[in-house]
Amino acid sequence: ACVSAPPGSPPAPREVVPPVESPADRAGAGLVIARTAESALGAPYRYGGATLQGFDCSGLTQFAYRSAGISIPRTAAAQQHAAAAVPPDALLPGDLVFFSTRGRKVGHVGVYTGNGKFIHASNPRGGVKVDSLNSGYYASRFAGARRVK
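Conventions used here
Residues numbered from 1 in each chain as written. Predicted model: local features only at pLDDT ≥ 70, side-chain atom pairs only at ≥ 80, totals over all residues. Heavy atoms only, no water. Helix = DSSP H or I, 4+ residues; strand = E, 2+ residues; numbered from the N terminus. Buried < 20%, exposed > 50% of the residue type's maximum accessible area, 1.4 Å probe, protein only. Contact = heavy atoms within 4.5 Å. Areas by Shrake-Rupley, 256 points an atom, 1.4 Å probe, with all protein chains shown as cover. Pairing = 2+ DSSP bridges. Salt bridge = Lys/Arg side-chain N within 4 Å of Asp/Glu carboxyl O. Phe/Tyr/Trp six-rings, centres within 6.5 Å; stacked < 30°, edge-to-face > 60°. Axes fitted to C-alpha atoms, helices over the stretch in contact; angles between N-to-C directions.

A. Fine view of the overall build of the protein chain. The number of helices and strands found in the protein chain is four helices and eight strands. Start at the N end of the protein chain and walk to the C end: the helices and strands fall as α-β-β-α-α-β-β-β-β-β-α-β. The buried share of the protein chain, taken over its 149 residues, is 43%. Counting contacts in the protein chain only where the partners sit at least 6 residues apart, residues at least 24 apart contribute 51% of the total. With the model as given, the accessible surface of the protein chain reaches about 8500 Å², and the carbon-plus-sulfur share is 56%.

B. A look at the pairing of strand β4 (residues 96-102). Counting buried residues along β4, five of its seven residues qualify, which places the element largely inside the surrounding structure. From the end of β4 to the start of strand β5 (residues 105-114), which pair antiparallel, there are two residues, and G103 there has a positive phi angle of about 70°. Pairing of β4 with strand β8 (residues 142-147) involves four bridges; the strand directions are antiparallel. In the sheet register, V97 faces β8, and the bridge partner there is A145.

C. Spotlight on the pairing of β8. Two elements, strand β3 (residues 84-86) and β8, share three bridges in a ladder whose sense is antiparallel. Looking across to β8, one finds that A85 is bridged to R146.

D. Spotlight on the pattern of salt bridges. This structure, assessed with the given rule, holds four salt bridges. The partner of E38 in a salt bridge is R35, with the nearest N and O atoms 3.2 Å apart. Of this pair, E38 and R35 are both found in helix α1 (residues 23-39), three residues apart, which corresponds to roughly one turn of the helix. A residue is classified by how much of its surface remains accessible, and E38, at 31% relative accessible area, is partly exposed. The closest approach of N and O atoms between D131 and K129, which form a salt bridge, is 3.8 Å. For D131, a relative accessible area of 16% corresponds to the buried category.

E. Quick look at the packing of aromatic side chains. Under the criterion given, the structure shown has six aromatic pairs. Aromatic pair F118 and Y138: ring centres 5.2 Å apart, planes at 80°, arrangement edge-to-face. Separated by 20 residues along the polypeptide, F118 in strand β6 (residues 117-121) and Y138 in helix α4 (residues 136-141) bring together distant segments of the chain. Of the two residues, F118 and Y138, both sit in the buried class. By way of ring pairs, the aromatic residues F99, F118, Y137, Y138 and F142 are connected into one cluster.

F. How the structure looks around the sheet that holds β8. Spatially, β3-β8-β4-β5-β6-β7 is the arrangement adopted by the six strands of the open sheet, whose pairing is antiparallel. At either margin of the open sheet sits one strand with a lone partner, and together these are β3 and β7 (128-132). Taken pair by pair, the neighbouring strands of this sheet meet at an average axis angle of 40°, ignoring direction. Both β6 and β7 contribute to a ladder of five bridges, which runs antiparallel. Residue A121 lies in a different strand from β7, and its bridge partner there is V128. The strands touched by helix α2 (residues 57-67) are β4, β5, β6 and β7; relative to β5, the strand with the most contacts, the crossing angle is about 40°.

Shown next as C-alpha cells:
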C-alpha cells in the first residue's frame, strides 16, 4: 500500500530516469515499450488520444515510449524524423515502424513487437491491435523502421 508523507515533511526526491545508451539498456527499454503497447490491446481508436481511454497511432507510440522514460514527438512524421533508420532485418522489439497511408507521406506508426508483428491504433473500427508487417495492406505501405536512441 502507498503511504503518504506526514504533514510538513519535505517531498520525496523525484526519481531520475537515466538515458538509454548501451545496447543492453536499449533492448530492455524496447521490451518495456513493446509490453506497454501490448497492454493497450483492445483499447478504442480515438483521434488525438494518448491514454487507455483511446489512442491514435502516434499517441499509442508516445504512451509506450513514455513508460520507458523516453520522450518522443507527438505525430508519426515527427517521430520518424526524431529516430535513426533501422534495416528491416535488424528490427528489435520497441522499434517504430512507419507506413505511407497518404500517398508518399508517412501517416501511420506502430510499435514492433518481434516475429514480424507490430501493435498499432489502426482505425475507429479496429482500435489497438496486432498486425503483421508481411500482410498485404501493411507490406505494400511499409515506409521503414526507426529506432530512438
